[in-house]
Structures are given as C-alpha cells and as structure tokens.
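# Examining the three-dimensional arrangement
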Amino acid sequence: MIRQTDHLGCIQVAQCETIGVVKPVDELTDASPALASVGRVRKRERISDRVYDELASAIRDMRILPGSALSETDLAERLQVSRTPLREAIARLVETGLVSVVPQVGTRVEPIRLHDVEQARFVRESLEASAAEAVCARPERDVRRLRALLAEQERCFQIHDLDGFFAADEALHEQVFALAGYVGAWQLMQPTKMHLDRIRRLSLPDEATVRALIDEHAAIVDALEAGDPLAARAHVKRHASRASTEAPALMARYPDYFAD
Ligand SMILES: [Zn+2]
C-alpha cells in the first residue's frame with residue numbers, strides 16, 4: 001500500500017507497508033542524494049556495510065518510517081543482496097537502537113524515543129562545542145568551505161530543496177570537525193546522531209525552521225572566523241539543542257512516529 005504524506009515536503013516518502021524506497025546496492029553511487037552524506041563518512045567495500053549505509057540513511061531520512069516492518073525477503077529482493085550481508089546490516093542497526101528484532105513477531109524500525117534523542121543531543125552538543133573551540137585555537141583556520149556551504153543552504157532554501165539543504169547542513173557540521181582535526185569524532189557519533197536526525201528531518205518542511213537553521217549556522221561560522229571560542233561554543237550549543245527542544249511539539253503532531 002502506498003502511503004504518501006504531505007508533511008514531509010520534498011522528502012521521498014513513497015512508502016509501502018513493509019519497506020520504503022530503497023535502491024539496489026548495485027545502483028548506489030556517490031551521486032545518489034540518498035547517499036550524499038553517508039558516502040562522505042567513510043568508504044568501505046563490504047556489501048553488508050553498503051546495505052547498512054543504505055538502510056540507515058533511509059531510516060534517518062524518514063524514507064522508511066518509524067514503526068515500519070522490515071521483511072528480509074523484501075529487502076533482499078529490493079537491494080539485490082543475499083541474506084547474509086542483509087542480516088549483518090540489520091544486526092548493526094539493532095545495535096544502534098534504530099531497529100528491533102522480536103522472535104515470532106518480526107523486524108521493525110523503532111519509533112523515535114525522546115530519551116534516545118536527548119542522549120544523542122548531549123553527545124553531539126558536547127563533541128561539536130569542543131570541536132568549535134578547537135577550530136578557534138587554530139590560527140590557520142580557513143572558513144571558505146563553511147561560507148560556501150552556507151551559500152548552498154541558502155540556495156536550497158530558495159528552491160525548497162530539503163534533501164539538498166539537509167546534505168549541506170550535515171556537510172557544514174562535518175567541516176567544523178574537519179577544521180578542528182577531529183573528523184574521526186564526527187564519524188564516531190553517527191550511529192547515535194541518527195536518533196537526533198529523524199527529528200531534524202521531521203522539522204525541515206517548516207520554512208521558518210530552515211530560515212532559523214541557516215541563521216544559526218551563520219552565527220557559528222562568524223564566531224569561528226573571528227576565533228571567538230565562547231561565542232562559538234554558545235552558538236553550537238544553541239543550535240544542537242534545537243532538535244530536542246522541538247521534539248515534544250513534533251511528538252504531539254506525529255504521535256505514530258514516537259514512543260515513550
Ligand atoms: Zn545544522
């Protein structure tokens with residue numbers, strides 16, 4: 001059954017009862033919008049890793065909605081992979097807390113839990129605030145790529161390209177870690193951060209939210225360029241706390257996606 005939800009705006013949400021839009025592994029390329037951000041995280045060759053990346057990004061981007069059943073048969077067919085790498089990928093997703101496997105019941109995408117969102121908020125905020133401070137301590141810091149990503153976000157906002165905006169948003173934060181010399185920390189927190197990212201994707205169709213996000217990003221970049229660690233920390237913390245602040249309202253609006 002196709003379920004199209006208008007509240008997700010430009011996000012692809014053609015969604016059947018068992019699985020959302022998932023591309024065969026053979027069709028995955030770095031140019032694929034669905035892989036734009038995860039492709040930058042790390043390059044790997046194992047099929048199970050690519051299956052994990054594809055499923056994780058589909059869940060994170062709300063192309064597979066919370067509560068959806070995941071059929072092994074269906075997934076193996078859609079991704080054109082055998083059961084072994086698929087089971088390895090699902091086992092990793094279970095470790096992240098995004099998927100659960102219940103014997104005799106089946107495999108499901110876990111609902112969003114505020115506890116998980118808050119844990120992710122704390123990890124992301126702590127690491128990124130420290131990364132921003134480290135950038136300020138580097139006299140050779142070059143914020144040109146950050147400025148270019150801000151311009152890209154503005155462009156995506158003007159043409160209502162939410163996927164493009166989210167990718168540029170992710171790239172900006174990754175670049176903060178890269179400038180600090182801690183891109184490994186960015187990669188390390190990805191599994192935890194996905195709990196936060198589902199909230200971020202849910203809030204994106206709101207134009208005022210996207211406008212505010214761009215302004216917050218600009219404030220972070222200004223502070224980094226000025227080398228002001230206190231301001232950089234404060235702006236990062238304010239920005240990182242947004243998702244958990246918005247979570248209760250989103251929970252009231254989309255109760256089916258959440259659980260206690
Ligand atoms: Zn951001």
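To be clear, the structure that these remarks concern was listed above.
Because the structure is predicted, anything quoted here is derived from the model rather than measured.

This part takes up the overall build of the protein chain. In terms of helices and strands, the protein chain carries 11 helices and 5 strands. For the protein chain, long-range pairs separated by at least 24 residues make up 74% of all intrachain contacts whose partners lie at least 6 apart in sequence.

With 4 bridges connecting them, strand β2 (residues 99-102) and strand β3 (residues 106-109) associate as antiparallel partners. What sits directly across from Val-99, in β3, is Val-109. Adjacent in sequence and paired antiparallel, β2 and β3 are bridged by 3 residues, among which Gln-104 carries a positive phi angle near 70°.

Position of Ile-47 among the secondary structure elements: in helix α2 (residues 47-60). Residues Ile-47 and Pro-85, 38 residues apart in the sequence, show an inter-C-alpha distance of 6.2 Å.

On to the packing of α2 against helix α4 (residues 83-96), then. Across the interface, α2 lies against α4 with an axial gap of 8 Å and an inter-helix angle of 50°. Relative to α4, the element α2 is oriented oblique. Like other packed secondary-structure pairs, α2 and α4 cross with a definite hand, here right-handed. Facing Ile-47, Ser-48, Val-51, Tyr-52, Leu-55 and Ala-56 of α2, the residues of α4 in contact are Pro-85, Leu-86, Glu-88, Ala-89, Arg-92 and Leu-93. Tallied by class, the residues present in the contact of α2 with α4 amount to 9 nonpolar, 1 polar and 2 charged.

The 3 strands are arranged β1-β3-β2 in an open sheet whose pairing can be described as antiparallel. A single partner strand is all that each edge strand has here, and the edge strands are β1 (69-70) and β2.

Moving on, we get to the nonpolar core. Core analysis: the largest hydrophobic core is formed by 31 residues, its most contacted members being Leu-55 and Leu-93. Residue assignment for this core shows that the elements contributing at least two residues are α2, α3 (72-79), α4, α5 (114-136), α9 (190-203) and α11 (229-253). Among the elements that line this core, the one with the most residues is α2, at 6 residues. Of the residues that make up this core, three or more belong to each of domain 1 (6-110) and domain 2 (113-259). Once you skip the residues sitting within four places of it in the chain, Leu-93 turns out to touch Tyr-52, Leu-55, Ala-56, Leu-98 and Val-99.

Calculation notes
- The residue numbering used here restarts from 1 in each chain and proceeds along that chain's sequence as written.
- Whole-chain, interface and lining totals are the exception, using all residues; otherwise, since this is a predicted model, local features are given only for residues with pLDDT of at least 70 and side-chain atom pairs are given and counted only at 80 or more.
- Put simply, DSSP marks the helices as runs of H or I at least four residues long and the strands as runs of E at least two long, and each gets a number from the N terminus on.
- Two residues qualify as being in contact provided that their C-beta atoms, derived from the backbone, are within 7 Å of each other.
- If DSSP finds at least two bridges between two strands, the strands pair.
- A fitted line through C-alpha atoms serves as each axis, taken over the contacting stretch for helices, and the angle formed by two N-to-C directions is quoted from 0 to 180°.
- For this classification, under 35 degrees means roughly parallel, over 145 means roughly antiparallel, 65 to 115 means roughly perpendicular, and everything else is oblique.
- Left-handed describes a crossing whose near helix is turned anticlockwise from the far helix by less than a right angle; the clockwise case is right-handed.
- Amino acids outside the nonpolar list (Ala, Val, Leu, Ile, Met, Phe, Trp, Tyr, Cys, Pro) and the charged list (Asp, Glu, Lys, Arg) are all regarded as polar, and Gly is one of them.
- We define the nonpolar core as any set of buried residues of the types Ala, Val, Leu, Ile, Met, Phe, Trp, Tyr and Cys, connected via C-beta atoms lying within 7 Å of each other.
- Each residue is classified by how many other C-beta atoms fall within 10 Å of its C-beta atom, where C-beta atoms are placed from the backbone; a count of 20 or more means buried, 12 or fewer means exposed, and values in between mean partly exposed.
- Residue ranges assigned to the domains are those given by an automatic or database domain assignment.

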